[in-house]
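# Structural characterization, general
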Amino acid sequence: MTQAPTVLDVDRLIDDRRIRILVCCGSGGVGKTTTAAAIGLRAAERGRRVVVLTVDPARRLAQSMGLTSLDNTPRPVPGVQAGSAGSLHAMMLDMKRTFDEIVEAHADPDRAAQILANPFYQSLSSSFAGTQEYMAMEKLGQLRRAEEWDLIVVDTPPSRSALDFLDAPQRLARFLDGRLLRLLIAPAKVGGRAYMRVLNAGFGVVTGVLTKILGTQVLRDVQTFVSALDTMFGGFRERADYTYQLLRAPGTAFLVVAAPEPDALREASYFVERLDEERMPLAGLILNRVQRPPAAHLSAARSVAAAETLEAGAPAAYPLAIAALRLHAERMQQAAVQRRVAEHFTAAHPLVPVAEVPAQPDDIHDLDGLRRIGEAFAAVNGSE
Amino acid sequence: MATRDTDWDGVRLHVVTGKGGTGKTTVAGALALALASGGKKVLLMEVEGRQGIAQLFDVPPLPYAERRIAVAPASPSGPGIQGGQGGDVYALVADAESALVEYLEMFYSLRHAGTALTKLGVMDFATTIAPGLRDVLLTGKAAEAVRRKDSGRGRAYDAVVMDAPPTGRIGRFLNVTAEVSGLAKVGPIRGHADTVQSVIRSPQTAVHFVTVLEEMPVQETLDGIAELRALDGIRPGGVIVNMARPLALADDELAAAAEGMLDTGQLALGLKAAGLDDVPALTAGLATELCEQAGTALAQDVQLQRLADAGQPCYTLPWIPHGMDLAGLYRLAAALRSQGAA
């Protein structure tokens, strides 16, 4: 026997004024950005002052919200039917710019210029895999502190694993604040005499190997970067910790986004378990692209059998019916596979509420499309 | 053994990229099977640590070691009842940390340095923090497998298929020289990167794009192709359209259905002739399904045309309605072969 999951009531979630941050997580390609935009739009049209923060370089949100560019500043979204109470802004994270701003805020102008010009910093701020997550968290913290919006919807970076959003900022902060970097610039500064010898020995190996791998010039860039950054030590860790705590605070809820496919739901499972360990508040699972054939009472097997009967007679006689029956059989098969995969998830996580969004026949590229998705959330709730 | 021409004769490193959710790993697996059929030896490489290959081929999680995971079908044109000999697909899950340890051992005999360095966070630093190094190590491993010699047979592998990072990151991933030269103008890593580039920027390498016929993945594919063309010497390969669901309708019927103008009388007659009950309700339901799908099919034709206009060879793989499994994978491999992709 399989247990049906509780239905996630998205409207109640977005109407709850205590909720100030909604984080949409999930692996790539599951419709995360679209979900974040649809939720933001629906919340705005239900009277919330919303900002949607997207970190996806493909600029999909920009397209679906009719904006030509998103540039690290929240821009009002035109065409929102929000009345006087609600509003919708959207922004796309520019991670390098966000990083630059932190540097400028924490270092005096000379030192800031020195850091910004450093080749190692330039690589770190524009292409390190964890920088995007760290800066997304940083931006989230800034938006929250600005107090201009009463709901922030965050679309997390398109990483291979949903967990990266939680782990990467800490990893980067640990690195920037870490012992390793201090070792590289001034081994003598660290610690008491007891482990000095160990550290010095370690230091020799470390610099030796790093020189071998990277060459002296890279190491020199890193060392210059680190010594220029010296005044900011502690700052990175603190900021990452602040945002991490924000994610655990009562005003935050996580939505895990997935498609009814094994890979996506496996990632969703990992994430749900992790949130639980971290005591971070999970609101539920949004399951996109659910196949719901209108003629669901005709089974795949009977549909195929009927198509075969017609083909065995005079195939040319009923091409339309044959095409319709074949298509229906495929859709029923797909629906069955999806249901099985979703049931696996619910069996493992029976308490996680689920909102299903039916597969959309067309791509979403405008506000009407986003509105339809939002209505699907409501319909899920209404049908129970 | 009979050989036949394929579109990618001479290519030995097949880099497979695609937007998330398009079935990149599945297609990479199918391509490896297709390339291995007829007695070839192919290495299928994973670089993003998801264990996607193990799940696809239904084997336990794979280590950082080359393991045989599947036997490819024999060539149908060969001799014998089984049509000649089958081939072998090996798999390797490459991660940057293991690749770095291997690299240190190979070039500096630093056999035991790995553990100590891991403890100090150096491995973390070197593989995830130092930009570009990770990509150099992973592409380096692929280039090494392509170049590797085997005493008996000449080359260790006939082909290497890499399940590469997604389309949005593929240019940066492959263009390691540019990434590294900003950092390391001289030094061993630079030398290593240059060797890797001699493989990647050569006719031996092709970058295939996996997509589905939706607007965003197609746009990313076109952007990706343009990006590679702008990177001197990195060759875009084929465009592989995955999960295609053609509708068996004549053009005029398709157009009518997409407009919602389906001949429901004709449909009802057919359903009745098939002996189904409750024909009116069924007709309404199936007509809705058909009209929706017709709209999708027309939109897909537009996307297919955009892909064709990009000028790279296109291949189409069928959608597997019962979910992807080994049988489905072999079907996709056969489809790739019949279309000349392998």
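Source: prediction; values computed, not measured. (Residues numbered from 1 in each chain as written. Chains lettered and ligands numbered in written order. Predicted model: local features only at pLDDT ≥ 70, side-chain atom pairs only at ≥ 80, totals over all residues. Heavy atoms only, no water.)

### Focus on the overall build of chain A
Each helix and strand counted, chain A has 16 helices and eight strands in total. Expressed as a percentage of the 384 residues in chain A, the buried residues total 57%. Considering only contacts in chain A between residues 6 or more positions apart, those separated by 24 or more positions represent 78%. Looking at chain A as shown, the accessible area adds up to about 15,800 Å², and 51% of this sits on carbon and sulfur atoms. (Helix = DSSP H or I, 4+ residues; strand = E, 2+ residues; numbered from the N terminus. Buried < 20%, exposed > 50% of the residue type's maximum accessible area, 1.4 Å probe, protein only. Contact = heavy atoms within 4.5 Å. Areas by Shrake-Rupley, 256 points an atom, 1.4 Å probe, with all protein chains shown as cover.)

### With respect to the environment of Thr-17 of chain B
Along the polypeptide, Thr-17 of chain B turns up in strand E1 (residues 13–18). A distance of 3.1 Å separates a polar side-chain atom of Thr-17 of chain B from the backbone nitrogen of Thr-167 of chain B. (Polar contact = N/O pair within 3.5 Å; in protein donor to acceptor, adjacent residues only side chain to side chain.)

### A closer look at the nonpolar core
By size, the foremost hydrophobic cluster in this structure holds 102 residues, and its most contacted members are Leu-22, Leu-88, Leu-166, Leu-247, Phe-254, Leu-285 and Ile-286 of chain A. The biggest single contributor to this core is helix H2 (residues 32–45) of chain A, with seven residues. Residues in contact with Leu-22 of chain A, not counting those within four places in the same chain, are Leu-13, Ile-14, Ile-39, Leu-151, Ile-152, Val-153, Val-154, Ala-253 and Leu-255 of chain A. In this structure, Ala-94, Val-160, Val-218 and Ala-244 of chain B belong to the second largest nonpolar core, which totals 41 residues. (Core = buried A, V, L, I, M, F, W, Y, C linked by side-chain atoms within 4.5 Å.)

### Notes on the sheet that holds E1 of chain B
Residues and elements named next belong to chain B. In spatial order, the strands read E3-E4-E2-E7-E1-E8-E9-E10; together these eight strands make up an open sheet with mixed pairing. Each edge of the open sheet carries a strand with a single partner, namely strand E3 (67–71) and strand E10 (314–318). This sheet shows a mean twist of 25° between the axes of neighbouring strands, independent of strand direction. As paired elements, E1 and strand E8 (residues 205–211) share six bridges and run parallel to each other. Residue pairing across strands places Gly-18 opposite Val-210, the latter belonging to E8. (Pairing = 2+ DSSP bridges. Axes fitted to C-alpha atoms, helices over the stretch in contact; angles between N-to-C directions.)

### Points about the pairing of strand E2 (residues 49–54) of chain A
Residues and elements named next belong to chain A. The buried fraction of E2 amounts to five of the six residues, a majority that puts the element mostly inside the structure. Pairing of E2 with strand E4 (residues 87–92) involves six bridges; the strand directions are parallel. Considered in E4, the bridge of Leu-53 is made with Met-91.

### What about the sheet that holds E2 of chain A?
All names here are of chain A. Read across the sheet, eight strands follow the order E3-E4-E2-E5-E1-E6-E7-E8 without closing on themselves; strand pairing throughout is mixed. At either margin of the open sheet sits one strand with a lone partner, and together these are strand E3 (75–76) and strand E8 (354–358). Sheet topology note: the strand E1 (residues 21–25)/strand E6 (residues 252–258) ladder contains five bridges and is parallel. Within the sheet, the bridge partner assigned to Ile-21 lies in E6 and is Thr-252. Running at roughly 170° to strand E5 (residues 151–155), H2 makes contact with E1, E2, E4, E5, E6 and strand E7 (282–290) of the sheet.

### Overview of the packing of aromatic side chains
Residue and element names in this part refer to chain A. Using the criterion set out here, one finds three aromatic pairs over all chains in the structure. Ring geometry for Phe-99 against Tyr-121: centres 5.1 Å apart, planes inclined by 75°, an arrangement best described as edge-to-face. Here Phe-99, found in helix H4 (residues 95–106), pairs with Tyr-121, found in helix H6 (residues 119–127); they are 22 residues apart in sequence, far enough to count as distant. Taking the relative accessible area as the measure of exposure, Phe-99 reaches 1% and is therefore buried. Judged by centre distance (6.1 Å) and plane angle (55°), the rings of Phe-254 and Phe-271 are tilted. (Phe/Tyr/Trp six-rings, centres within 6.5 Å; stacked < 30°, edge-to-face > 60°.)

### Things to note about the pattern of salt bridges
Where charged atoms from two side chains of opposite charge approach closely, those side chains can pair. Scanning all chains against the criterion turns up 25 salt bridges over all chains. A salt bridge links Arg-274 of chain A to Glu-278 of chain A, with the nearest nitrogen and oxygen atoms 3.1 Å apart. Here the salt bridges do not stand alone but share partners, grouping Glu-66, Glu-102, Lys-141, Glu-144 and Arg-148 of chain B into one network. (Salt bridge = Lys/Arg side-chain N within 4 Å of Asp/Glu carboxyl O.)

### Quick look at the side chain of Arg-274 of chain A
Positionally, Arg-274 of chain A belongs in helix H13 (residues 262–277). Setting aside chain neighbours within four positions, we find Arg-274 of chain A in contact with Leu-163, Leu-166, Asp-167 and Tyr-244 of chain A.

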